[in-house]
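# Inside the fold
Here is how the chains run, residue by residue.
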Amino acid sequence: MTASTASLDSFTAMLLLSATPRLAGSYFGGRISATCAGAAGPSTSRPYILPSDRWRGGRCTCVGFPSRWRSVEGWRRSVLASDLGAGGEVGHSRPLLRARCEEELLSYVRKEVENGRLSLDIAHGLEELYHNYRNAVVQSGLPEADEIVLSNMTVAFDRILMDVENPFMFQPHHKATREPFDYYMFGQNYIRPLLDFKKSYVGNISRFFEMEQHLLQGHNIILFSNHQTEADPAIIALLLERTNPRIAESMIFVAGDRVVTDPLCKPFSMGRNLLCVYSKKHLFDDPALVDRKTSANIRSLKELIGLLKNGSQIIWIAPSGGRDRPDPETEEFFPAPFDASSLDNMRRLSEHSGVPGHFYPLALLCYDVMPPPAQVQKEIGEQRKLSHHGVGVSVAMEINFNEAKGAFSLAVYHEVTEQYNILKSAIYEHQGLHASNFKVSLSQPWAQ
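It is worth spelling out helix H13 (residues 340–353) at this point. Residues spaced three or four apart along an α-helix face the same direction, because each turn holds 3.6 residues. In this model H13 runs 20 Å from its N-terminal to its C-terminal C-alpha over 14 residues, within 8% of the 20 Å that 1.5 Å per residue would give. Of all the residues in H13, the buried ones are Ser342, Leu343, Asp344, Asn345, Met346, Arg347, Leu349, Ser350 and Ser353. Where H13 starts, the residue carrying a side-chain oxygen 3.1 Å from the main-chain nitrogen of serine 341 turns out to be aspartate 339. Looking at the residues trailing H13, positive phi occurs at glycine 354, about 80 degrees.

Right, let's get into the sheet that holds strand S6 (residues 252–256). Across the sheet, nine strands lie side by side as S3-S7-S6-S8-S5-S9-S10-S4-S11; this open sheet has mixed pairing. Since the sheet does not close on itself, it has two edges, and those belong to strand S3 (173–174) and strand S11 (442–443), each with one partner.

Counted at 1.5 Å a residue, the expected span for helix H6 (residues 145–165) with its 21 residues is 30 Å, and the 30 Å between its end C-alpha atoms agrees. For H6, the buried fraction is high: 18 of the 21 residues fall into the buried class.

Where burial is concerned, the two faces of strand S8 (residues 314–317) agree: the one with Ile314 and Trp316 and the one with Ile315 and Ile317 are both buried. With four bridges connecting them, strand S5 (residues 220–225) and S8 associate as parallel partners. By the bridge assignment, isoleucine 221 is partnered in S8 with isoleucine 314.

What follows concerns the environment of histidine 219. As for its placement among the helices and strands, histidine 219 is situated in the loop between helix H8 (205–216) and S5. In sequence terms histidine 219 and leucine 308 are 89 residues apart; their C-alpha atoms lie 8.8 Å from each other. When neighbours within four sequence positions are excluded, histidine 219 is seen to be in contact with His214, Gly311, Ser312, Gln313, Val355, Pro356 and His358.

In the contact formed by helix H4 (residues 102–114) and helix H5 (residues 120–140), the axes pass within 9 Å of each other and the chain directions differ by 165 degrees. One element, H4, and the other, H5, form an angle in the roughly antiparallel class. As H4 packs across H5, the resulting crossing turns out to be right-handed. Along the contact surface, H4 presents Glu102, Leu105, Leu106, Val109, Arg110 and Val113, while H5 presents Leu120, Ala123, Leu126, Glu127, Tyr130, His131 and Arg134. Here the residues of the contact of H4 with H5 sort into eight nonpolar, one polar and four charged.

Okay, the packing of aromatic side chains next. With the rule as written, the count across this model stands at 14 aromatic pairs. When the ring of phenylalanine 181 is compared with that of tyrosine 183, the centres are 4.7 Å apart and the planes differ by 75 degrees; the resulting orientation is edge-to-face. Phenylalanine 181 sits in the buried class, given a relative accessible area of 1%. Residue tyrosine 183 is classed as buried on the basis of its relative accessible area, which comes to 3%. Judged by centre distance (5.4 Å) and plane angle (70 degrees), the rings of phenylalanine 197 and tryptophan 446 are edge-to-face. Of the two residues, phenylalanine 197 sits in the loop between helix H7 (183–191) and strand S4 (201–203) while tryptophan 446 sits in the segment after S11, which places them 249 residues apart along the sequence. Among the residues examined, phenylalanine 197 registers a relative accessible area of 21% and is labelled partly exposed.

Taken as a whole and assessed by the stated rule, the structure comprises 15 salt bridges. Two residues, lysine 424 and glutamate 332, come together in a salt bridge whose shortest N-O distance is 2.9 Å. Of this pair, lysine 424 sits in helix H14 (residues 405–427) while glutamate 332 sits in the loop between S8 and H13, and the two are 92 residues apart along the sequence. Of the residues examined, glutamate 332 reaches a relative accessible area of 43% and is grouped as partly exposed. Lysine 439 is the salt-bridge partner of glutamate 415, the closest N and O atoms lying 3.5 Å from each other. Of this pair, glutamate 415 sits in helix H14 while lysine 439 is found in the loop between H14 and S11, placing the two residues 24 residues apart along the sequence. Look at glutamate 415 and you get buried, because its relative accessible area is 18%.

Of note, the bond from glutamate 179 into proline 180 is cis; its omega dihedral lies within 30 degrees of zero at 0 degrees. Assignment of secondary structure puts proline 180 in the loop between S3 and H7. Residue asparagine 204 is not a glycine yet carries a positive backbone phi of 60 degrees. Within the secondary structure, asparagine 204 sits in the loop between S4 and H8. Judged by relative accessible area, which is 7%, asparagine 204 ranks as buried. For serine 312, which is not glycine, the phi torsion reads 60 degrees and is therefore positive. On the secondary structure map, serine 312 appears in the loop between helix H12 (290–310) and S8. What makes serine 312 partly exposed here is its relative accessible area of 31%.

How each quantity is defined
Residues numbered from 1 in each chain as written. Predicted model: local features only at pLDDT ≥ 70, side-chain atom pairs only at ≥ 80, totals over all residues. Heavy atoms only, no water. Helix = DSSP H or I, 4+ residues; strand = E, 2+ residues; numbered from the N terminus. Expected span 1.5 Å × (residues − 1). Buried < 20%, exposed > 50% of the residue type's maximum accessible area, 1.4 Å probe, protein only. Polar contact = N/O pair within 3.5 Å; in protein donor to acceptor, adjacent residues only side chain to side chain. Pairing = 2+ DSSP bridges. Contact = heavy atoms within 4.5 Å. Axes fitted to C-alpha atoms, helices over the stretch in contact; angles between N-to-C directions. Parallel < 35°, antiparallel > 145°, perpendicular 65-115°, else oblique. Left-handed = near helix turned anticlockwise from the far one by under 90°. Nonpolar A, V, L, I, M, F, W, Y, C, P; charged D, E, K, R; others polar. Phe/Tyr/Trp six-rings, centres within 6.5 Å; stacked < 30°, edge-to-face > 60°. Salt bridge = Lys/Arg side-chain N within 4 Å of Asp/Glu carboxyl O.

This is the structure:
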């Protein structure tokens, strides 16, 4: 143990035990009771499920895949998760399945249950996810919505079933898996049709360019953010991919254990850079596992210390320790309060790293895309509702630690809330770009 690490021992565990987010990097799940643990690496022992390039025959209820999409810019930008290099994976023991329609895809899932290779819980979650995703994408009005749904859900089913057969084990610091299958782009293309870009906004885009300059100088960026949905990482990246691709792809998310154990979440999490931790909300769910979870958190914290020492890191953390929840009376969402110790510990870690650090409050508004359950659940998996909706991200001015930790926490929370309210005016009060004020300049960089 280095001297600097030893000097942090008095509070290092507190950072990950005080307000670790449940988060980030996850996406979906059904009502699932299974947990995943096993050898690292995705399995290659089952077939890759591919959508058909085209469907020759009567219309019935099957949906075709016209070859013309490959030359259409709008289609490329919004769409298929299938063309991601998965064909380079070898070693499948079963013939390829070409799902030509919804019935064929769902029938495959049912056969997996009959053959004893898939539990009823997971099968139910997959079917529920398919129908919810289909309804949301159809709601978007995209002309090729049926093709998008079948393609993206086919690949999602394949990745989920592959992991169920041979579970992937996340390391404390997981780097996005980009080859031979590009899980990052898979997640991007899966979430993309859910966003109404005409009603989505980025606040203070110039500050993301400011962050990029800091990263080029070897400095670290810490984003203190509210957290609304399990698709937050993809939503942030989609809003920034045109102007700030480095930030979109290199951001590291502090991720709760549930999103790296839920079978329906794992393939989406594999496409993100994660620091994997056990959330305080679930640390004591099983008393027999508390010591093991605490040890795992310490390993993740050491990874964080190493990253900060290396510099040029951009790290996202939700100091609230979980997703925003609706007010029980008004049913309106608002940023959940921040934990002062979480922010203060990040400051101390940054100071001890010896590398300049910059702290930015970040606001996210995206709950309608995938609203969380009203109450925190102990069980793995939850029923998801999806919709096509406008979203927003906005960043405030860099903030300095010149106040006591309690006052600083309130200051950061105030900045996030202020940015959030502007996004709310733009999206829900239909003010659009006119909601901008002297502190928040809204834009739609993808429309330029």
